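Reading the structure
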Number of protein chains: 2
Amino acid sequence: MSNPQSHKPHDRLAAVLSTDMKAVNTMIRERMASKHAPRIPEVTAHLVGAGGKRLRPMLTLAAATLCGYTGPFHIHLAATVEFIHTATLLHDDVVDESKQRRGRPTANLLWDNQSSVLVGDYLFARSFQLMTEPGSMRVMQILSNAAATIAEGEVLQLTAAQNLSTDENTYLQVVRGKTAALFSAATEVGGVIADADEAIVKALYDYGDALGIAFQIVDDLLDYQGDTGTTGKNIGDDFRERKLTLPVIKAVALADETEHAFWKRTIEKGKQEDGDLEHALELLHKHGTLVSTQADAKAWAGRAKTALAPLPAHDIKDMLIDLADYVVSRLS
Amino acid sequence: MSNPQSHKPHDRLAAVLSTDMKAVNTMIRERMASKHAPRIPEVTAHLVGAGGKRLRPMLTLAAATLCGYTGPFHIHLAATVEFIHTATLLHDDVVDESKQRRGRPTANLLWDNQSSVLVGDYLFARSFQLMTEPGSMRVMQILSNAAATIAEGEVLQLTAAQNLSTDENTYLQVVRGKTAALFSAATEVGGVIADADEAIVKALYDYGDALGIAFQIVDDLLDYQGDTGTTGKNIGDDFRERKLTLPVIKAVALADETEHAFWKRTIEKGKQEDGDLEHALELLHKHGTLVSTQADAKAWAGRAKTALAPLPAHDIKDMLIDLADYVVSRLS
């Protein structure tokens, strides 16, 4: 997991930050406990225990450390960020009626929707308790704003995802909400807690924002061209769930009349037949939208790297640059 | 609604606090808006517009005013409390698969579970944004602790409600979580924002706690003996939903073998037949548990009134005393 020689930048980050990451994991375990309701740590442990890369809390630790902060409150903030993330995963799986997450059955499948909704609420509340502890108003504002933006992005996705008139701007708004808001809050609070200069805080925010957007575009792209073995996702899940993502939005914009009718039937009306996914993939290839979506992801990764320019030289800075490259390297 | 001559103490409170309540309503409308996701204010307006007594925000305003506070932050805190309450209602209706709330179809029925979960999350996040604005660490701790306790109580209820071994202590823990935690936080933050003496803050907390418990016990009792016309609830909903509440918990404790088997079949196993509700009601009457539950509710209302003793003479204090009586007067 935390191998300093790994070619994966998040493994190298995990190695450099391993003491702090251990402290974060300890705090997560402590704070997800509940004296009265044992179901809470059960459900949370299932999800937290399933691993995941702990990318978001690592970003907070990396940003704080890079700015010379030595603690202790970056641990609280990293744990806050992971709690918000875990709460949204629990609720997302209910909303999407998902059956698998990180290669394991989802909590809503193993327990029930009720437990996922309420344990998610508990983790949200715990995250708000945690974020008050450093006593920084600005940190609380950043993180509570992020939580609101995430929910807003998710609600927007509900109405936009099956609507063929959804354009790239709306897609970007959804992605900024559901994914990038927490990435940018994670990096920004690292700078704020370290009392870094405004230009540095802004740079960290911009990095998180662009990295989050790149990350989500790649995720949406892998849904159409990933390898199930490595991604743990099935090809075409978004298509089957009638979720408009960038490759399809681009293809709809370029569609002739027949193609438009195809997208209308399969995505908007949800009337899907055998062979539809294959035809959808043909259309994405025909219009080159997988390639142009990949170019977009790379452009966002490029913006993430450019954003870091104001930061001082630091081995963690180099790893954050590599991380931006790595996020899009999953595509090739 | 705000009739100063009404015999209902919450109407008199609403009349005395009408300027502030208007400010709270304006703030709620402003803060439930969303630039990007119009579904959010639609769903929220449906629930907020349905009225409800606004009891919780009124408690915050009453406590702050009683302590001599003249503003402006009691408005933010009252709106925070109402947002937390509304968020939990949205999620409760998903968890309970409810179809009616305040005499109108629930949001999960009119829209879908997804919207209720995500709009609830949005309101939670908005409540956290709001609670940071007064800049009081203690206020944030009280309200974020309340949010965690509410979720914990709801999760505990999930596992305890269909378990015949659930005793009165566990019931009290559930009730303290799901209902009393927000009542006591509502009154406590009113005192804290007014910078009242610790003894006064403690008195306000104790009042809210006892009032909330009385309120929930009455609610659970009305489920077995209410008048559908005035309560908007159907007799026996909790029984049909296999939710153990105090009258049944007391009856189970006094049950003979045959009766225990009846409760086991109907509540624990959920195998209900025609005539079961009538038989359940007979058992509650036989063991006098509706009467003894009513006595418990009155005792909690008494504790609420006693708790107010340290507070200075004030017309609002008198109304809070009357409110405690009124809460249990719904029973006769």
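Residues numbered from 1 in each chain as written. Chains lettered and ligands numbered in written order. Predicted model: local features only at pLDDT ≥ 70, side-chain atom pairs only at ≥ 80, totals over all residues. Heavy atoms only, no water.

**A short note on the overall build of chain A**
In plain terms, the rule: Comment: elements are numbered from the N terminus, with helices defined as DSSP H or I runs of at least four residues and strands as E runs of at least two. For every residue, the accessible area (1.4 Å probe, protein chains only) is compared with the maximum for its type, and the residue is labelled buried under 20%, exposed over 50%, or partly exposed between those bounds. Residue contacts follow a heavy-atom distance rule, with two residues in contact if any of their heavy atoms lie within 4.5 Å. Computed with a 1.4 Å probe, the accessible areas rest on the Shrake-Rupley method; for each residue, only the protein chains presented here act as cover. We score Asp and Glu as negative and Lys and Arg as positive, and we do not count His or the chain ends. Throughout, a charge is located at the NZ atom of Lys, the CZ atom of Arg, the CG atom of Asp or the CD atom of Glu.
Helix and strand counts for chain A come out as 17 helices and two strands. When its C-alpha atoms are laid out on the principal axes, chain A stretches across 60 × 50 × 35 Å. Per-residue burial over chain A gives 57% buried out of 332 residues. A sequence separation of at least 24 residues applies to 74% of the contacts in chain A between residues at least 6 apart. With the model as given, the accessible surface of chain A reaches about 12,900 Å², and the carbon-plus-sulfur share is 49%. Taken as two groups, the 34 positive and 43 negative side-chain charges of chain A have centres that lie 3 Å from each other.

**Examining the relation of the copies chain A and chain B**
We apply this condition: A least-squares superposition brings the copies together, and it is based on the C-alpha atoms of residues with pLDDT no lower than 70 in both.
Superposition record for chain A on chain B: RMSD 0.0 Å, screw rotation 180°, translation along axis 0.0 Å. Taken together, the rotation angle and the small translation identify this as a two-fold axis. With an isologous cut-off of 70% or more, the 100% of interface residues of chain A that recur at the interface of chain B puts this contact in the isologous class.

**Points about the packing of aromatic side chains**
The description of two aromatic rings rests on the distance between their centres and on the angle between their planes. Inclusion rule: Centre distance within 6.5 Å is the pairing criterion for rings of Phe, Tyr and Trp, where only the six-membered ring of Trp is used; planes under 30 degrees apart are then read as stacked, over 60 as edge-to-face, and the remainder as tilted.
Applying the stated criterion across every chain yields a total of nine aromatic pairs over all chains. Aromatic pair Phe128(A) and Phe128(B): ring centres 3.3 Å apart, planes at 5°, arrangement stacked. Of this pair, Phe128(A) sits in helix H7 (residues 113-132) while Phe128(B) sits in helix H7 (residues 113-132), each in a different chain. Across the pair, Phe128(B) and Phe128(A) agree in class, each one buried.

**Brief notes about unusual backbone geometry**
Omega for the peptide link from Gly71(A) to Pro72(A) comes to 5°, which places this bond in the cis form. With respect to the helices, strands and loops of the structure, Pro72(A) is situated in the loop between helix H4 (55-66) and helix H5 (73-95). Even without being a glycine, Asp195(A) presents a positive backbone phi close to 60°. In this structure, Arg242(B) is a non-glycine residue whose phi angle is positive, near 60°. Along the chain, Arg242(B) turns up in the loop between helix H12 (237-240) and helix H13 (246-253). Residue class for Arg242(B) comes out partly exposed when judged on its relative accessible area of 22%.

**Description of H7(B)**
The test is simple: Helix span, as expected, comes to 1.5 Å for every residue beyond the first.
A rise of 1.5 Å per residue sets the reference length of H7(B), with its 20 residues, at 28 Å; its end C-alpha atoms lie 29 Å apart and thus fit the reference within 8%. With respect to burial, H7(B) is a largely interior element, 18 of its 20 residues being buried.

**So, the interface of chain A and chain B**
Note the threshold: Here's the idea: put two parts together, see how much 1.4 Å probe accessible area each one loses, and the total over both is what we call buried area. One side-chain nitrogen of Lys or Arg within 4 Å of one carboxyl oxygen of Asp or Glu is enough to make a salt bridge. We define a polar contact as two N or O atoms separated by no more than 3.5 Å, with the added condition that, inside protein, one atom must be a possible hydrogen donor and the other a possible acceptor, whereas residues neighbouring each other in sequence contribute only through side-chain atom pairs. Gly is put with the polar residues, along with every residue not named as nonpolar or charged; the nonpolar set is Ala, Val, Leu, Ile, Met, Phe, Trp, Tyr, Cys and Pro, and the charged set is Asp, Glu, Lys and Arg.
Contacts between chain A and chain B engage 38 residues on the former and 38 residues on the latter. Here chain A meets chain B over a buried area of about 3,500 Å², counting both sides, of which 75% is carbon and sulfur. Per-residue buried area on chain A facing chain B is highest for His36(A), Leu118(A) and Glu152(A); these three make up 17% of the total on that side. Where chain A meets chain B, there are zero salt bridges. If you look at where chain A meets chain B, you find 10 residue pairs in polar contact (both at pLDDT 80 or more). Per-element accounting of the side of chain A that touches chain B gives the leading share, 14 residues, to helix H8 (residues 137-160) of chain A. Partitioned by chemical class, the residues of the side of chain A that touches chain B number 18 nonpolar, 13 polar and seven charged.

**Section: the environment of Gln216(A)**
All names here are of chain A. Relative to the assigned elements, Gln216 resides in helix H10 (residues 198-225). Of the residues examined, Gln216 reaches a relative accessible area of 7% and is grouped as buried. For the pair Gln216 and Arg176, spaced 40 residues apart in sequence, the C-alpha to C-alpha distance is 9.0 Å. Non-local contacts of Gln216, meaning those with residues more than four positions away in its chain, are made with Tyr171, Val175, Lys178 and Thr179. One polar contact links Gln216 to Thr179, side chain to side chain, over a distance of 2.6 Å.

**A look at the confidence of the model for chain A**
We count it as follows: Residue-level confidence of the predictor is what pLDDT reports, using numbers from 0 through 100.
Summing up the model confidence of chain A, the mean pLDDT is 91 and the portion of residues at 70 or higher is 95%. Here the predicted complex carries an ipTM of 0.92, next to a pTM of 0.93.

**Side note on the side chain of Thr289(A)**
With respect to the helices, strands and loops of the structure, Thr289(A) is situated in helix H16 (residues 289-307). Since its relative accessible area comes to 1%, Thr289(A) is described here as buried.

**What to know about the packing of H16(A) against helix H17 (residues 315-329) of chain A**
Residue and element names in this part refer to chain A. Threshold: Axis definition: a line fitted to C-alpha atoms, over the contacting stretch in the case of helices. Angles run 0 to 180 degrees between N-to-C directions. Angle categories are assigned with fixed cut-offs, so that under 35 degrees is roughly parallel, over 145 is roughly antiparallel, 65 to 115 is roughly perpendicular, and the rest are oblique.
Running from N to C, H16 and H17 cross one another at 175°; their axes reach a closest spacing of 9 Å. For the element pair H16 / H17, the angle class is roughly antiparallel. Where H16 approaches H17, its residues Ala297, Lys298, Ala301, Ala304 and Lys305 are matched on the opposing element by Ile321, Ala324, Asp325 and Val328. Split into classes, the residues belonging to the contact of H16 with H17 amount to six nonpolar, no polar and three charged.

**Digging into the side chain of Ser184(B)**
All names here are of chain B. Looking at where Ser184 falls in the secondary structure, it is placed in helix H9 (residues 168-193). Its relative accessible area of 3% is what places Ser184 among the buried residues. Apart from the residues within four sequence positions on either side, Ser184 is in contact with Tyr205, Gly208 and Asp209.

**As for helix H1 (residues 9-16) of chain A**
All names here are of chain A. Judged by how many residues are buried, H1 sits mostly within the fold: six of eight residues are covered. Among the residues of H1, those classed as buried are Pro9, His10, Asp11, Arg12, Leu13 and Ala14. Elements in contact with the buried residues of H1: helix H2 (18-31), H4 and H17.

**Describing the pattern of salt bridges**
Pairing is possible between side chains of opposite charge, provided their charged atoms come close. All told, the structure shown has 34 salt bridges over all chains when counted by the stated rule. In this structure, the salt-bridge partner of Arg54(A) is Glu82(A), at a minimum N-O distance of 3.7 Å. Linking Arg54(A) in the loop between helix H3 (39-49) and H4 with Glu82(A) in helix H5, this pair joins segments that are 28 residues apart in sequence. The class of Arg54(A) is buried, set by a relative accessible area of 12%. On the accessibility criterion, Glu82(A) (3% relative accessible area) is buried. Among the salt bridges present, the one from Lys243(B) reaches Asp96(B), with a minimum N-O distance of 3.3 Å. Of this pair, Lys243(B) sits in the loop between H12 and H13 while Asp96(B) sits in the loop between helix H5 (73-95) and strand S1 (100-101), placing them 147 residues apart in sequence. Residue classification places Lys243(B) among the buried residues on the basis of a relative accessible area of 13%. Taking the relative accessible area as the measure of exposure, Asp96(B) reaches 29% and is therefore partly exposed.

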